[in-house]
Amino acid sequence: MYKNYVTLTGQKEWQIHFRCSAKHLDSDQSQVVLLHPSPLCSGFMVPIMELLADEHQVVAWDTPGYGQSDSLPEQGDGLEKYVEALHLFLTELGIRKPVLYGSATGAQIAIEYAKAYPENLNGMVLENAAWFTEQERESILTEYFPDISAKDDGSHLIDVWKMVSQLYQFFPWFDTSESSRVSNIEPPTNLKHQTLMSYFTAGPEYYLAYKAAFMNERPEQLRGVTVPTHLLRWQSSILKKYVDRLDDAGLPANIQMKFADAGIENRFAQLKDSVAKLAN
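Each value, and the rule that gives it
- Residues numbered from 1 in each chain as written.
- Predicted model: local features only at pLDDT ≥ 70, side-chain atom pairs only at ≥ 80, totals over all residues.
- Heavy atoms only, no water.
- Helix = DSSP H or I, 4+ residues; strand = E, 2+ residues; numbered from the N terminus.
- Rg over C-alpha atoms; globule rule 2.2 N^0.38 Å.
- Buried < 20%, exposed > 50% of the residue type's maximum accessible area, 1.4 Å probe, protein only.
- Contact = heavy atoms within 4.5 Å.
- Areas by Shrake-Rupley, 256 points an atom, 1.4 Å probe, with all protein chains shown as cover.
- Lys, Arg positive; Asp, Glu negative; His and termini not counted.
- Charge placed at Lys NZ, Arg CZ, Asp CG, Glu CD.
- Pairing = 2+ DSSP bridges.
- Axes fitted to C-alpha atoms, helices over the stretch in contact; angles between N-to-C directions.
- Salt bridge = Lys/Arg side-chain N within 4 Å of Asp/Glu carboxyl O.
- Polar contact = N/O pair within 3.5 Å; in protein donor to acceptor, adjacent residues only side chain to side chain.
- Core = buried A, V, L, I, M, F, W, Y, C linked by side-chain atoms within 4.5 Å.
- Parallel < 35°, antiparallel > 145°, perpendicular 65-115°, else oblique.
- Left-handed = near helix turned anticlockwise from the far one by under 90°.
- Nonpolar A, V, L, I, M, F, W, Y, C, P; charged D, E, K, R; others polar.
- Arc of directions from axis to C-beta.

*Asks:* Help me out: how do you make sense of the overall build of the protein chain in this one?
*Replies:* When helices and strands are tallied, the protein chain shows ten helices and eight strands. Taken against the 2.2 N^0.38 rule, which gives 19 Å for 280 residues, the C-alpha radius of gyration of the protein chain at 18 Å falls within 12% of a compact globule. Counting across all 280 residues of the protein chain, residues that qualify as buried make up 53%. Counting only contacts in the protein chain whose residues sit at least 6 apart along the sequence, the fraction spanning at least 24 positions is 73%. Carbon and sulfur atoms make up 47% of the accessible area of the protein chain, which totals about 13000 Å². Taking the average place of the 24 positive charges on the side chains of the protein chain and the average place of its 36 negative ones, the gap between the two points comes to 3 Å.

Take a look at the structure:
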């Protein structure tokens, strides 16, 4: 995999960091663009890049403000500025008509991009695109994004370690009751460490895209999508309960629900199949 930066201009110069499966992009090949969950970065997309790289050119960006990308020059209230940043990024790289993949925050950015620039996409594959009620959203947002600013006693390190230790087993992560348990598997220490580092790399404003995506997790946002879209429902997903609700969302026919049994092999098989169908 190759790593590089795109420099964008406006009120000031700023950069977006990305990974690419090819040293040089070729518009004659099918292309897939990956949008990661918050507060992670393109590094967490490498397994998917490797999965798809034999058949497609694959690009994964660091969302502005995450990984090694600069923060947005101007922060808006929702996802609009991230959508415009994505448009500038794709334009600068000369990427036209890709399949857009997004998970969680990445899924919500993808949804809004598809509505703003439908002519620029072959299709979308979405994972962890959920539906939260207003009551759930209000309850989640009260505790989901704690302050991780550095403290003299170092307690912020313990607080974030606790958060990353729980978020792979409970949703929301701060509710450790059995009714909120989504997995009995203890996440690997290395995964927790990588996730912790992602929080601190993003810094105290790690919540910006993350929170905006939560506010966008509504079926009405999906109903406006006109491009061919596969919603991937994976049995092992932390958010499966909330993805299942979209069965009753009255989504248009261009949005299809795809199923994958538990286990990473099943998820990857369905993901690869969906991308292949939308890319051709």
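*Asks:* How do you make sense of the sheet that holds strand 3 (residues 31-35) when you look at a structure like this?
*Replies:* Each strand in a sheet pairs with its neighbour through backbone hydrogen bonds, running either in the same direction (parallel) or in the opposite one (antiparallel). Taken in spatial order, the eight strands make up an open sheet running 1-2-4-3-5-6-7-8, and their pairing is mixed. The open sheet terminates on both sides in strands that have one partner only, identified here as strand 1 (2-8) and strand 8 (255-260). Averaged over neighbouring strand pairs, the angle between their axes works out to 25° when direction is ignored. By the bridge criterion, four bridges tie strand 3 to strand 5 (residues 99-103) in an arrangement that is parallel. When the bridges of strand 5 are listed, V33 appears paired with L100.

*Asks:* It is not clear to me how the side chain of K258 should be interpreted in this structure. Could you clarify?
*Replies:* By the element assignment, K258 lies in strand 8. One buried charged residue, K258, remains without a salt bridge, the closest side chain of opposite sign being D273 at 6.0 Å. For K258, the side chain forms a polar contact with the side chain of Q256, separated by 3.2 Å. For K258, the contacting residues outside a window of four places in its chain are H230, L231, L232, R233, Q270 and S274.

*Asks:* I'm lost on the nonpolar core in this one. Help?
*Replies:* If you look at soluble globular proteins, the nonpolar side chains tend to sit buried side by side. Grouped together as the largest cluster of nonpolar side chains are 65 residues, with contacts concentrated most on L86, F89, L100, M124, L126, Y144 and Y199. Look past the residues within four positions of F89 in its chain and what remains in contact with it is V6, I16, F18, V59 and W61. If you look at the next biggest cluster of nonpolar residues, it comprises 20 residues, including V99, W234, F268 and L271.

*Asks:* What is the right way to read the packing of helix 5 (residues 155-167) against helix 6 (residues 189-202) from this model?
*Replies:* If you want to describe how two helices pack, look at the angle between their axes and the distance between the axes. At a minimum axis distance of 9 Å, the contact between helix 5 and helix 6 shows a crossing angle of 125°. One way to sum up the angle between helix 5 and helix 6 is to call them oblique. Between helix 5 and helix 6 the crossing geometry is right-handed. In this structure, helix 5 contributes H156, L157, V160, W161, M163, V164, S165 and L167 to the contact, and helix 6 contributes T189, K192, H193, T195, L196, Y199 and F200. In terms of residue class, the contact of helix 5 with helix 6 is built from nine nonpolar, five polar and one charged.

*Asks:* Just checking my understanding: could you explain helix 4 (residues 134-143) for this structure?
*Replies:* For an α-helix the count is 3.6 residues per turn, leaving residues at separations of three or four pointing the same way. Within the span of helix 4, buried status applies to E136, R137 and I140. An end-on view of helix 4 places all buried positions within 95° of arc, on one side of the element. Across helix 4 from its buried face, at more than 90 degrees, point the exposed residues Q135, E138 and T142. In this structure, the buried residues of helix 4 make contact with helix 7 (207-216) and helix 9 (240-244).

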